[in-house]
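Coordinate inspection notes
Okay, here's what each chain looks like letter by letter:
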Amino acid sequence: MTQHSMAQRANQAYRGAAVAVPPLKAVVMLHAGAITQLRRAIEAQEARRFEEAHECVVRATAILRGLSHYLDSGRGGALAERLFHTYNALVLASLRASGRPHAGANLQRIIDGIAELREAWEYVETTARAGSSDRPPQR
């Protein structure tokens, strides 16, 4: 599968998730999906299944690319720009680590970074949910 088709699938997954669940929840779920794929890549790499490891990295990077493309810099300003650069740095680091010596340790550091982002989005999602329940019903 080409990089372009993987990116299209990631975009479709994001759009599908955004329709099925609230957008902030979808963002949290997509971060979790990227983490899962990178963990699978580490396992495959350690088992010397290099092609499978690469495919998992490609899936994870497609998710991260999808997240970066849906940022709205008009609404998010500098934060959206910073996230865009962060996601792209994670993509490049993941691709560079794939198939290299110490790939497991490098991918684990990337997982740790994505986990921090996921926790931040979980906090935003929880705060937004709590804030919406504090508002009086609209008439």
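Residues numbered from 1 in each chain as written. Predicted model: local features only at pLDDT ≥ 70, side-chain atom pairs only at ≥ 80, totals over all residues. Heavy atoms only, no water.

1. Quick word on the packing of helix H3 (residues 50–69) against helix H4 (residues 73–97)
For the pair H3 and H4, the least separation of the axes is 9 Å and the interaxial angle reads 170°. Taken together, the axis directions place H3 and H4 in an arrangement best described as roughly antiparallel. Across the interface between the two elements, Val 57, Thr 61, Leu 64, Arg 65, Leu 67 and Ser 68 of H3 pack against Phe 84, Tyr 87, Asn 88, Leu 90, Val 91, Ser 94 and Leu 95 of H4. Across the contact of H3 with H4, the residue classes tally to eight nonpolar, four polar and one charged. (Axes fitted to C-alpha atoms, helices over the stretch in contact; angles between N-to-C directions. Helix = DSSP H or I, 4+ residues; strand = E, 2+ residues; numbered from the N terminus. Parallel < 35°, antiparallel > 145°, perpendicular 65-115°, else oblique. Contact = heavy atoms within 4.5 Å. Nonpolar A, V, L, I, M, F, W, Y, C, P; charged D, E, K, R; others polar.)

2. Remarks on the packing of helix H2 (residues 23–46) against H3
Between H2 and H3, whose axes approach to 8 Å, the crossing angle comes to 160°. The angle between H2 and H3 falls in the class roughly antiparallel. The interaxial crossing formed by H2 with H3 has left-handed handedness. Of the residues in H3, those touching H2 at Val 27, Leu 30, His 31, Gly 33, Ala 34, Gln 37, Leu 38, Arg 40, Ala 41, Ala 44 and Gln 45 are Phe 50, Glu 52, Ala 53, Cys 56, Val 57, Arg 59, Ala 60, Ile 63, Leu 64 and Leu 67. Within the contact of H2 with H3, the residues separate by chemical class into 14 nonpolar, four polar and three charged. (Left-handed = near helix turned anticlockwise from the far one by under 90°.)

3. A few points about the pattern of salt bridges
Tallying each qualifying case throughout the model produces four salt bridges. Glu 122 serves as the salt-bridge partner of Arg 118, at 3.8 Å between the closest nitrogen and oxygen. Within this pair, Arg 118 and its partner Glu 122 are both found in helix H5 (residues 103–134), separated by four residues, close to a single helical turn. (Salt bridge = Lys/Arg side-chain N within 4 Å of Asp/Glu carboxyl O.)

4. Describing the side chain of Ser 98
Following the sequence through the fold, Ser 98 ends up in the loop between H4 and H5. Beyond its immediate stretch of four places on either side in the chain, Ser 98 contacts His 54 and Val 57.

5. Let's talk about the side chain of Gln 45
Examined against the element boundaries, Gln 45 turns out to sit in helix H2. If we skip the residues at most four places from it in the chain, Gln 45 touches Phe 50, Ala 53, Gly 99, Arg 100 and Ala 103.

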